[in-house]
Amino acid sequence: MTMIFSFLIIVLLLLNGCNPAKVDEDENIFKFKDSYVGDAGAVGNITGRLPNPNGEQLNGLELKTTDKPYGIILNYIDVEKSKDKETNYRELVLYNATFILALVQNADWVTFNFVEQEFKVTRDALQSLYGRDIKEFNNEIELSKFIQENSEDENKLIQFFNAHEN
């Protein structure tokens, strides 16, 4: 599991460029840091920059801003699946939820409605998992590295996902 997650991080870094000094401001996901759940443009830009599962694509999002706690629901649909690539949904959810909740300051939860399964992750659960406030991060490379380092304890991750997989 760690090897697949490491590969995912490396691919994302290669796609986004490894040199933070050369990151184009238009491509830097952290330009949306401190966005609000009610800012559909910012939330859409954040979620649009995150990886999708193989064979699925984001088909819209719902912003829950009426009552606290505020949250985001991401809905996915089927698309053509690449035959040589499998998705580890747990790693994808951990990565995407961490980025969303690190960037959207008033989001307390995010739900991923994949084609065949659903996950709901809360800010409190992530902070318990990590033992650190994820809002403290200021760049993509540092946050990706942090996620990777904290995904190496399989027992901790199994407990986390047993509580968040529907």
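Reading guide: rules and limits
- For every chain, the first residue of the written sequence is number 1, and numbering continues from 1 along that sequence.
- With the structure being a predicted model, the display of local features is reserved for residues of pLDDT at least 70 and the display and counting of side-chain atom pairs for 80 or more, all residues being used for whole-chain, interface and lining totals.
- Based on all heavy atoms of the structure, the side-chain values leave hydrogens and waters out of the count.
- The pairing criterion for strands is at least two bridges between them, as found by DSSP.
- In DSSP terms, a helix is any run of H or I states spanning at least four residues, a strand is any run of E spanning at least two, and both are numbered starting from the N terminus.
- As a rule, the C-alpha atoms of each element are fitted with a line to give its axis, helices using only the stretch in contact, and angles between N-to-C directions run from 0 to 180 degrees.
- Only heavy atoms enter the contact rule, under which two residues are in contact if any of them lie within 4.5 Å.
- In summary, the pairing rule links any two rings of Phe, Tyr or Trp, Trp by its six-membered ring, whose centres are within 6.5 Å, and it sorts them by plane angle into stacked for under 30 degrees, edge-to-face for over 60 and tilted for everything else.
- Whether a residue is buried, partly exposed or exposed follows from its accessible area with a 1.4 Å probe, protein chains only, as a fraction of its type maximum: under 20%, in between, or over 50%, in that order.
- Distance and angle both matter: a charge sits over a ring if NZ of Lys or CZ of Arg is within 6 Å of the ring centre and within 35 degrees of the ring normal.
- As a per-residue quantity, pLDDT reports the predictor's confidence and falls between 0 and 100.

Novice: Could you clarify how one ought to interpret the sheet that holds strand S3 (residues 109-113) in this entry?
Specialist: Strands in a sheet are paired, the pairing made by backbone hydrogen bonds, and the direction either parallel or antiparallel. Reading across the sheet, the 4 strands line up as S1-S2-S3-S4 and stay open at both edges, with mixed pairing between neighbours. Of all the strands in the sheet, just strand S1 (56-64) and strand S4 (118-122) have a single pairing partner and so form its edges. Geometrically, the sheet is characterised by an average inter-axis angle of 15 degrees between neighbouring strands, direction not taken into account. Across 5 bridges, S3 lies against S4 in antiparallel orientation. Within the sheet, the bridge partner assigned to Trp109 lies in S4 and is Thr122. Across the face of the sheet, helix H2 (residues 40-49) comes into contact with S1 and strand S2 (71-78) while running at roughly 150 degrees to S1. In this fold helix H3 (residues 89-103) packs onto S1, S2, S3 and S4, with an angle of close to 145 degrees to the strand it touches most, S3.

Novice: Help me out: how do you make sense of the packing of aromatic side chains in this one?
Specialist: Each aromatic ring pair is specified by the distance between its two centres and by the angle formed by the two planes. One pass over the full model with this rule turns up 10 aromatic pairs. Considering the side-chain rings of Tyr76 and Phe114, the 4.7 Å spacing of their centres and the 35 degrees angle between planes classify their relative orientation as tilted. Of the two residues, Tyr76 sits in strand S2 while Phe114 sits in the loop between S3 and S4, which places them 38 residues apart along the sequence. Accessibility assignment for this pair places Tyr76 and Phe114 in one class, buried. Where Tyr89 meets Phe114, the ring centres are 4.8 Å apart and the plane angle is 65 degrees; that geometry is what we call edge-to-face. Of this pair, Tyr89 sits in helix H3 while Phe114 sits in the loop between S3 and S4, placing them 25 residues apart in sequence. Take Tyr89 and Phe114: they sit in the same class, and that class is buried. Among the aromatic residues, those joined into a cluster by ring pairs are Tyr76, Tyr89, Phe112, Phe114, Phe119, Phe160 and Phe161. If you follow Lys120 out to its NZ or CZ, it ends over the ring of Trp109, 4.4 Å from the centre.

Novice: I tried to follow the confidence of the model for the protein on my own but got confused; where do I start?
Specialist: Detailed reading of the predicted coordinates is not advisable wherever pLDDT falls low. On average, the protein scores 86 in pLDDT, and the residues at 70 or more come to 83%. Per-element confidence in the protein ranges from a low mean pLDDT of 44 for helix H1 (residues 2-16) to a high of 98 for S3. Long-range and interchain partners of residues 1-24, a stretch whose pLDDT sits below 50, account for 25 contacts in this model, where long-range means more than four residues apart.

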